[in-house]
Amino acid sequence: MHFLRLRSSRVTCSFVLAGVLVALLLGWTAPAHASGERLVDDYRSVYGTPGVAAAVIDGSSVETIVRGRDGDGDAVTARTRFRIASMSKSMTATAIMLLVDRGRLSLDDPVVKVLPEFRMADPRFTGITVRQILSHTSGLSISTNNEYVFPPPRGAREIVARLADKTLATAPGTHAEYHNTNYSIAARIVEVVSGKSFDAFLRAELFTPLGMADTSSTLGCSDHAEGLTPGYEVILGVAFAAPEMPGFCVGNGGVISTLDDMVRWLRFNQGTLGAGLLSAASLAELHTVQPKAGDHALGWQARPIREGAPPSVIGHGGTLATWTGDMVFSPKTGVAALVLTNSGGDPGLLSTNLLAERIGAPATPMSNPLTAVNAILLGLTVGMAALLVTAIVRARRWAARRRAARRPRLVLRLLPLALVTVLSVLLPTPIWGEFSFHYWIVTAWLMPMLAIFCLTCAVLGAVAFGRRLWWLRRTGQAASAPAQPAMANG
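Residues numbered from 1 in each chain as written. Predicted model: local features only at pLDDT ≥ 70, side-chain atom pairs only at ≥ 80, totals over all residues. Heavy atoms only, no water.

Turning to empty space enclosed by the protein, a few remarks are in order. Counting across every chain of the model gives three cavities of 30 Å³ or more. Within this model, the largest cavity holds a volume of roughly 40 Å³. Taken together, Ser88, Thr92, Phe198, Ser217, Thr218, Cys249, Val250, Gly251, Asn252, Gly254 and Val255 make up the lining of the largest cavity. When its residues are assigned to classes, the lining of the largest cavity shows four nonpolar, seven polar and no charged. (1 Å grid on protein atoms, 1.4 Å probe; cavity = no way out; pocket = protein on both sides within 12 Å on 5 of 7 lines; lining within 4 Å. Points joined across faces, edges and corners; volume = space filled by probe spheres on them. Nonpolar A, V, L, I, M, F, W, Y, C, P; charged D, E, K, R; others polar.)

Counted according to the given criterion, the structure contains six aromatic pairs. Between Tyr43 and Tyr47 the ring centres are 4.7 Å apart and the planes differ by 35 degrees, which places this aromatic pair in the tilted class. You can see Tyr43 and its partner Tyr47 sitting in helix α2 (residues 36-47), four residues apart, about one turn around the helix. Grouping residues by exposure puts Tyr43 and Tyr47 together as buried. Seen in terms of ring centroids, Trp470 and Trp471 are 4.8 Å apart; in terms of plane orientation they differ by 80 degrees. Their pairing is edge-to-face. Relative accessible area serves as the criterion here: at 12%, Trp471 is assigned to the buried category. (Phe/Tyr/Trp six-rings, centres within 6.5 Å; stacked < 30°, edge-to-face > 60°. Helix = DSSP H or I, 4+ residues; strand = E, 2+ residues; numbered from the N terminus. Buried < 20%, exposed > 50% of the residue type's maximum accessible area, 1.4 Å probe, protein only.)

To continue, consider the state of the cysteines. Applying the stated criterion across every chain, the model contains one disulfide. Note on cysteine connectivity: Cys221 is disulfide-linked to Cys249, with sulfurs 2.1 Å apart. For the disulfide bridge between Cys221 and Cys249, the dihedral angle about the S-S bond is near 95 degrees, and by the sign convention the bridge is right-handed. Highlighted residues: Cys221 in the loop between β5 (216-217) and β6 (231-235) and Cys249 in the loop between β7 (238-242) and β8 (255-257), separated in sequence by 28 residues. Cys221 sits in the buried class, given a relative accessible area of 0%. For Cys249, a relative accessible area of 0% gives the class buried. For the unlinked cysteine Cys454, the closest cysteine sulfur is that of Cys457, found at 7.0 Å. Overall, the relative accessible area of 0% leaves Cys454 in the buried class. (Disulfide = S-S within 2.5 Å.)

Encoded structure:
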């Protein structure tokens, strides 16, 4: 997840194209500056982010930059707790690699060998290996395994059990598709092989040895955690503290950490902290792009430092509805950058720019297409609300004018309102690829202005349609009623 990356290109769909165009025309772009603090300030200005904690690691030096407030209104510090979302995958992969180093399993073991409870309704599932679930080449897909179900499953055991009636989209090891369930399976492997809960294993075997005292994990994306304040939704620059969307996060996005602790995590991955915790060969394998996996390593991804360049850095982002973050480092120079935020946005752009600024590479200007998208949606919402309220208010007059109209013409007159009502209910469908009321919930969290627009059209459209039908019936009954005889005078 998490939400996994929640599929940002599909979430914005065709609205993003319009948004990008408007953003370019209106100039809603912040240039990149040759300063870490300026870059963070520009990012907050562009995305309206309430709180940011960032760091640049260069050799023995660490530059930390903290800005804004947490969900309780207190100033963000290097010890403020953030959900790190899918950056958690790097920790899950490392937990597996610890077990590999101890001889408890092999990356190329079939999952069914180390997790006998794993079953699917596709005979090819027996060929899925541990390496393939960590590199997203297992064949699991959103097209055959809907990850956004409500209520979400509780715990890795239940997530694995729910796969019993699912199929694979492709043969294992042939195609890469980012899918959070892979890492929940990995978390269950850790539990079964180690005999500990996933959080207990991470605390004992990773976080405590690395001095990450303020880091822990939860099963669900919205579970309460000590010291964690709410994240934010940001619409047109206005931030609202909001609960996180319910979802399953165990193994794939449930870790909660701080800037100080995540600096330690990056130093461990750079090989400058926690020597002996993991073998050098295993640490290198975590950062190595895997066969048939595109740019995926094990809990990490290879990236270019700028668009169009070959991959030269290793990183991973994290996206939930109210939390985002990113981390990236250069294996050649050892320079690393880290960003934690308590709202939506594009922290990968900021972390890459922070890294680029430090190594002397050109930075990328920052812009937020969703600002334009939300402005367009707000305008559409206000316009449609005005039209539909007018239709509701004038329903009686409309029915009186069309009382004598032929039925086919009446149907045509009513058709636009019916289409507005139905299409507004179905509008999220092209974004997610299928119709499901579960996706209405996801849309409400990830694109609240789109949900408001759809809800406005659906409710007011249905009321206007119903009012017109009601007044047609009333005026028809009045026209067919027998005339009352006039009373004589006197």
